[in-house]
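Letter by letter, the chains look like this.
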Amino acid sequence: MSHSFEHGSEIIQEDEELEPFPPPEGVMRGLSIDNLIFGLDGNELKILLIKHGEGIRKGHWALPGGWIKLEEDLREAATRLLKDLTGISHPYLEQLKTFGKVDRYPAERVVTIAYYALVSADDYALMAGFSASDAAWYNIHNTPPVVFDHQHILDYGIEFLKHQVRHKPIGFNLLPEKFTLLQLQELYEAILDIKLDKPNFRRKIMKMNLLKPCNEKQQGVAHRAANLYRFDKDAYEKLTEQGFTFEV
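Residues numbered from 1 in each chain as written. Predicted model: local features only at pLDDT ≥ 70, side-chain atom pairs only at ≥ 80, totals over all residues. Heavy atoms only, no water.

Caption draft 1: The arrangement of the pairing of strand β3 (residues 27–41) in detail. Taking burial as the measure, the 15 residues of β3 include 12 buried ones, the bulk of the element. Alignment of β3 against strand β6 (residues 65–69), held across four bridges, turns out to be antiparallel. Bridge assignment links Val27 to a residue of β6, and that residue is Lys69. Pairing between β3 and strand β8 (residues 111–120): 10 bridges, direction parallel. Paired with Ile33 across the bridge in β8 is Ile113. (Buried < 20%, exposed > 50% of the residue type's maximum accessible area, 1.4 Å probe, protein only. Helix = DSSP H or I, 4+ residues; strand = E, 2+ residues; numbered from the N terminus. Pairing = 2+ DSSP bridges.)

Caption draft 2: How the structure looks around the nonpolar core. Residues Leu36, Phe38, Leu184, Tyr188, Ile205 and Leu211 are the most contacted members of the largest nonpolar core, which totals 44 residues. Per element, the largest residue contribution to this core is seven residues, and it comes from helix α3 (residues 181–192). Ignoring any residue separated from it by four or fewer positions in sequence, one finds Leu184 in contact with Phe172, Leu175, Phe179, Phe201, Ile205, Leu211 and Phe231. Counting residues in each nonpolar core, the second largest holds 21 residues, with Ala78, Ile88, Leu93 and Trp137 among its members. (Core = buried A, V, L, I, M, F, W, Y, C linked by side-chain atoms within 4.5 Å. Contact = heavy atoms within 4.5 Å.)

Caption draft 3: Inspection of the pattern of salt bridges at higher detail. Applying the stated criterion across every chain yields a total of 10 salt bridges. Between Glu72 and Arg80 there is a salt bridge, with its nearest N and O atoms 2.6 Å apart. Note that Glu216 and Lys178 form a salt bridge whose closest N and O atoms lie 2.8 Å from each other. Placement of the pair is Glu216 in strand β10 (residues 211–217) and Lys178 in the loop between α2 (150–167) and α3, with a sequence separation of 38 residues. On the basis of relative accessibility, which here comes to 33%, the residue Glu216 falls in the partly exposed class. According to the relative accessible area criterion, Lys178 is partly exposed, its value standing at 31%. (Salt bridge = Lys/Arg side-chain N within 4 Å of Asp/Glu carboxyl O.)

Caption draft 4: Summary view of the confidence of the model for the chain. Put simply, the chain has an average pLDDT of 86, and 88% of its residues get 70 or more. Within the chain, the lowest mean pLDDT, 35, falls on strand β1 (residues 2–7), and the highest, 97, falls on strand β7 (residues 94–99). Below a pLDDT of 50 lies the segment residues 1–18, which in the model reaches 41 contacts outside its immediate sequence neighbourhood of four places, other chains included. (pLDDT = per-residue confidence, 0-100.)

Below, the structure is given as structure tokens:
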């Protein structure tokens, strides 16, 4: 018996009778980590994927993850796997959710704990390593077929991120210290995948009292220079702790 996961015109066959790829010694059997690393690339939201270089899904794309060593904490495992597989060192990964459907991994029961982070894609030079033969950024709406239940994990992560950005100042650290309102709007548009009305967005964002004018304008731009703003540190920390509702 087999399962099929469709992705566009391609199908990945999941064969339940596959022999499991034995985990190395010194790791927890039946428990794994998967990382969702979202990268902002201009006005695009991308996801970091790796290509399996070995194992039962060799040659297929996946979220960067793997087994947890017996002596390491969960976040330590997530950070190590991300670094080993992609070359990215990210000190802060947030736990997203545990995924544990009985048949999510062929041949044996494996529960996976998903972590996520939002980074600036152009800040990192990818370097595939360990059990990955390749690593690449893909637009979240144009990904190749991925293994196991990774598409379900990705879909969940995208919806979670959209909810978070409406209630926390998530991703604001991706902006430069001084930024324009257009840059802030493009951040929201990339995550929410919608086009926002400029006057309405600016009115709502200014009402939050989160921004301070720098009394400066952009330098060296071909178009009309826009005003620059920075975050009010106290207001930013308060909104991070208490949350807010930003309906667009």
